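Secondary and tertiary structure notes
What follows is the residue order along each chain.
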Amino acid sequence: MSSPIGAPPGFLCRYTNALTLAAGVAQSFDVPVNGARDWVIAVSNTGANAITAMTVASSPLGNLVEDATTVTSGIPIAAGSTLAIRGQHEPVAMVRVTLTSTSGTTASVEAGGW
C-alpha cells in the first residue's frame, strides 16, 4: 500500500491547520483520520490567551457524527502549551474538534494517524 502524498510511509493521515479563535466563539474543524486505528491530534496555543474549552466527536464513515465529548483534563490550554488527544484502536473516518477561547487566541493543530 502506498502512502498518501505528503504523508510519511505508514501514515493514513497527516493534517495541519492554523486557527484564529474569536473571543467567546466556538470554532470546529474536522481532522480526516481516514480509517487509521491509532491517531493523535496535538493542539498548541500559539496566542496570548487561554483556550478555555474543547470538545471532540468522531464519525465512523464521515457522514454521521457522534455527540461531542467535553475534554476536561488539560483545559484550559495556557499560552505556549500543547494538549494531545489520542485514539487507540479506534478506526474512524473523521474526528471533529471544537475549540473556544473566552478572550480569543490563535492555535496550531497537527495530527497523524497510522
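Residues numbered from 1 in each chain as written. Predicted model: local features only at pLDDT ≥ 70, side-chain atom pairs only at ≥ 80, totals over all residues. Heavy atoms only, no water.

1. Some thoughts on the pairing of strand S3 (residues 39–45)
Rules: The buried label applies to any residue whose accessible area, calculated with a 1.4 Å probe on protein chains only, is under 20% of its type's maximum; exposed applies above 50%, and partly exposed to all values in between. By the criteria applied, helices consist of DSSP H or I runs no shorter than four residues and strands consist of E runs no shorter than two, each listed in order from the N terminus. Paired strands are those between which DSSP finds at least two bridges.
Buried residues dominate S3, accounting for five of its seven residues. Relative to strand S6 (residues 82–87), S3 runs antiparallel, the two sharing six bridges. Paired with alanine 42 across the strands is alanine 84, a residue of S6. Note that S3 and strand S8 (residues 105–113) share seven bridges and pair antiparallel. Within the sheet, the bridge partner assigned to asparagine 45 lies in S8 and is alanine 107.

2. Remarks on the side chain of aspartate 38
The test is simple: In this charge count, Lys and Arg are treated as positive and Asp and Glu as negative; neither His nor the chain ends contribute. Whenever Lys or Arg places a side-chain nitrogen within 4 Å of a carboxyl oxygen from Asp or Glu, that contact is recorded as a salt bridge. By the criterion applied in these results, polar contacts are pairs of N or O atoms within 3.5 Å in which, for protein atoms, one can donate a hydrogen and the other can accept it, and in which residues neighboring in sequence qualify only through two side-chain atoms. Here a residue-residue contact requires only that any non-hydrogen atoms of the pair lie within 4.5 Å.
Topologically, aspartate 38 is positioned in the loop between strand S2 (27–32) and S3. Look at aspartate 38: it is buried, it has no salt bridge, and the nearest opposite charge is arginine 37 at 5.3 Å. A polar atom in the side chain of aspartate 38 sits 2.8 Å from the backbone nitrogen of histidine 89. Aspartate 38 has contacts with Gly87, Gln88, His89, Gly112, Gly113 and Trp114, leaving out every residue within four places of it along the chain.

3. Let's talk about the nonpolar core
Proteins that are soluble and globular tend to have nonpolar side chains buried together. Here is the rule: What makes a nonpolar core is a set of buried Ala, Val, Leu, Ile, Met, Phe, Trp, Tyr and Cys residues whose side-chain atoms join them at distances within 4.5 Å.
Residues Phe29, Ile41, Val43, Met54, Val95, Val97 and Leu99 are the most contacted members of the largest nonpolar core, which totals 25 residues. Of all the secondary structure elements, the ones that give two or more residues to this core are strand S1 (13–21), S2, S3, strand S4 (53–59), S6, strand S7 (94–100) and S8. If we ignore the near neighbours within four places in the chain, the residues touching methionine 54 are Val43, Thr69, Thr70, Val71, Ile75, Ile77, Leu83, Ile85, Val97, Thr98 and Leu99.

4. Details of the sheet that holds S4
Hydrogen bonds along the backbone pair up the strands of a sheet, which may run parallel or antiparallel. On the basis of which strands lie adjacent, the open sheet formed by four strands has the order S2-S7-S4-S5 and antiparallel pairing. Strands with a single pairing partner mark the edges of an open sheet, and in this sheet they are S2 and strand S5 (69–70). Of the strand pairs in this sheet, S4 and S5 are connected by two bridges, and their pairing is antiparallel. Looking at S5, one finds that valine 56 is bridged to threonine 69.

5. Let's talk about the sheet that holds S8
Put simply, the rule reads: Axis angles are defined between N-to-C directions and span 0 to 180 degrees, where every axis is a line fitted to C-alpha atoms and, for a helix, only to the segment in contact.
Overall, antiparallel pairing links the four strands, which are arranged S1-S8-S3-S6 in an open sheet. The open sheet terminates on both sides in strands that have one partner only, identified here as S1 and S6. The mean inter-strand angle of the sheet, taken between neighbouring strand axes irrespective of direction, is 15°. Across nine bridges, the pairing between S1 and S8 is antiparallel. Bridging from a neighbouring strand, threonine 20 pairs with threonine 106 of S8.

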